[in-house]
Amino acid sequence: KFLHAGPGFGGSCFPKDTVALIKTGQDHEAPLRIVETVVAVNDQRKRAMARKVLAAVGGSLRDKTVAVLGLTFKPNTDDMRDAPSIPLITALQDMGAKVRGYDPEGMAQAREVLNNVTYAEGPYDCAKGADVLVIVTEWEQFRALDLDELKAAMKSRDQRATSTLRLILAALKDRDIAARPRGVTDGVDEAEIIDMLQKMVRQRQESLTPCSFSALS
C-alpha cells in the first residue's frame, strides 16, 4: 500500500528509514542514489500538490475555502507524522486559502501540528460552502460518500472547482483520462469527475486500487 500513487508517503517509519539508509551509505562512501532520489521526489510531490489545486481553480486561492478530507498520513490511523496534508495545507494557506479539514480519526493529532484550520464534524460539513474539495487520504468512509450531497454542499457549480489527489484509477479508464499527462483536472469537466466517481460508488468496487492524477502527470 505504500506504493499507491498519491500526494507522497509519510508516517513514522518509511521517511525515517530511508533517510537513515542514505546517511549509512554516505558514512561508508557508498551513496545510494536511488534512495536519495526517492526521498527527493517524495518531498517534491508533497509541495506540488498545492500547485495542482491552485491550477484547478484558475490560478488564485485568495480568500477561497478549501475543504480537505483526510489528514493522517494513511487511513485507519490517527498518526500525523510526516503526513502529506501538512505541507499541502501550509502551502494552501500561504496562497491565501482558508482551510477546513476533516479526518475520521486524526482530528486531535492534527490540531497539534496544523494552525489556522477550521475542523469540521464530518465530510459534508467540511464541504459546506467550499470552493474546492481535496481528498488527501483514501479512507474507506470516503468511498461511500453520497457525491450528490457532497456536491450540493459546496458552492454553486459556476463558482466551484473539484480537485481530487486520490481517485480510483479503474473508474477513469473508460474515458482514457488516466493517460493524460496533465494536472489534476486539466481538460476534465468537474461534472465528468463527479459522474465517474458516482458510478464507482454505485458499482461498489471496493477492491480497486487508489490512484491519483497527480502521480500520472
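Residues numbered from 1 in each chain as written. Predicted model: local features only at pLDDT ≥ 70, side-chain atom pairs only at ≥ 80, totals over all residues. Heavy atoms only, no water.

**Student:** When you look at helix H2 (residues 33-56) in this model, what are you seeing that I'm missing?
**Tutor:** In an α-helix there are 3.6 residues to a turn, and that puts residues three or four apart on one side. Here H2 is 24 residues long and its end C-alpha atoms lie 34 Å apart, about the 34 Å a rise of 1.5 Å per residue gives. At Arg-47, H2 shows its largest kink, close to 25 degrees. Of the positions making up H2, those classed as buried are Val-35, Val-39, Asn-42, Arg-45, Lys-46, Ala-48, Met-49, Ala-50, Lys-52, Val-53 and Ala-56. Gly-58 occupies a position one or two residues after H2 and carries a positive phi of about 95 degrees. (Helix = DSSP H or I, 4+ residues; strand = E, 2+ residues; numbered from the N terminus. Expected span 1.5 Å × (residues − 1). Bend = angle between axes of the 7 residues up to and from the residue. Buried < 20%, exposed > 50% of the residue type's maximum accessible area, 1.4 Å probe, protein only.)

**Student:** Sorry if this is basic, but what is going on with the confidence of the model for the protein here?
**Tutor:** When pLDDT drops low, the exact placement of atoms in the prediction is not to be read closely. Chain-level statistics for the protein give a pLDDT mean of 78 and a share of 70% at 70 or above. Ignoring residues within four places in sequence, the model shows residues 204-217, a span with pLDDT below 50, making 51 contacts including any to other chains. (pLDDT = per-residue confidence, 0-100. Contact = heavy atoms within 4.5 Å.)

**Student:** Sorry, what's going on with the nonpolar core here?
**Tutor:** Generally speaking, nonpolar side chains in soluble globular proteins are found buried as a group. Judged by nonpolar contacts, the single largest core of 41 residues is most densely connected at Val-66, Leu-69 and Leu-92. Setting aside its immediate chain neighbours within four residues, Leu-69 contacts Tyr-102, Pro-123, Cys-126, Leu-133, Val-134, Ile-135, Val-136, Thr-137, Phe-142 and Leu-145. (Core = buried A, V, L, I, M, F, W, Y, C linked by side-chain atoms within 4.5 Å.)

**Student:** How do you make sense of the side chain of Thr-18 when you look at a structure like this?
**Tutor:** With respect to the helices, strands and loops of the structure, Thr-18 is situated in helix H1 (residues 14-27). By relative accessible area, Thr-18 is classed as buried at 9%.

**Student:** Mind showing me how you'd approach the packing of H2 against helix H3 (residues 85-94) here?
**Tutor:** To characterise two packed helices, one gives the angle between the axes of the helices and the distance between these axes. Viewed as axis vectors pointing N to C, H2 and H3 meet at an angle of 45 degrees, and their least axial separation amounts to 8 Å. By the angle between their axes, H2 is oblique relative to H3. When the axes of H2 and H3 are compared, the crossing they make is right-handed. Across from Lys-46, Met-49, Ala-50 and Val-53 in H2, the residues of H3 making contact are Pro-87, Leu-88, Ala-91 and Leu-92. Tallied by class, the residues present in the contact of H2 with H3 amount to seven nonpolar, no polar and one charged. (Axes fitted to C-alpha atoms, helices over the stretch in contact; angles between N-to-C directions. Parallel < 35°, antiparallel > 145°, perpendicular 65-115°, else oblique. Left-handed = near helix turned anticlockwise from the far one by under 90°. Nonpolar A, V, L, I, M, F, W, Y, C, P; charged D, E, K, R; others polar.)

**Student:** Hey, could you run me through the pairing of strand E1 (residues 65-69) in this one?
**Tutor:** Consecutive side chains of a regular strand alternate in pointing toward one face of the sheet and then the other. Buried residues dominate E1, accounting for five of its five residues. What you see with E1 is no split at all: Thr-65, Ala-67 and Leu-69 on one side and Val-66 and Val-68 on the other are buried throughout. Between E1 and its parallel partner strand E2 (residues 98-102), the chain crosses via H3, and the hand of that crossover is right-handed. The pairing of E1 with strand E4 (residues 132-135) spans four bridges and is parallel. (Right-handed = clockwise from strand over helix to strand, strands pointing away. Pairing = 2+ DSSP bridges.)

**Student:** When you look at the side chain of Asp-103 in this model, what are you seeing that I'm missing?
**Tutor:** Mapping Asp-103 onto the fold places it in the loop between E2 and helix H4 (107-113). A polar contact is formed between the side chain of Asp-103 and the backbone nitrogen of Leu-71, at a distance of 2.7 Å. Apart from residues lying up to four places away in sequence, Asp-103 is in contact with Gly-70, Leu-71, Thr-72, Thr-77 and Trp-139. (Polar contact = N/O pair within 3.5 Å; in protein donor to acceptor, adjacent residues only side chain to side chain.)

**Student:** What's the story with the environment of Ala-127 in this structure? I'm lost.
**Tutor:** Positionally, Ala-127 belongs in helix H5 (residues 123-127). Residue classification places Ala-127 among the buried residues on the basis of a relative accessible area of 0%. A sequence separation of 58 residues divides Ala-127 from Leu-69, and the C-alpha atoms of the two residues are 8.7 Å apart. In this structure, Ala-127 is in contact with Ala-67, Arg-100, Leu-150, Ala-153 and Met-154, ignoring residues within four places of it in sequence.

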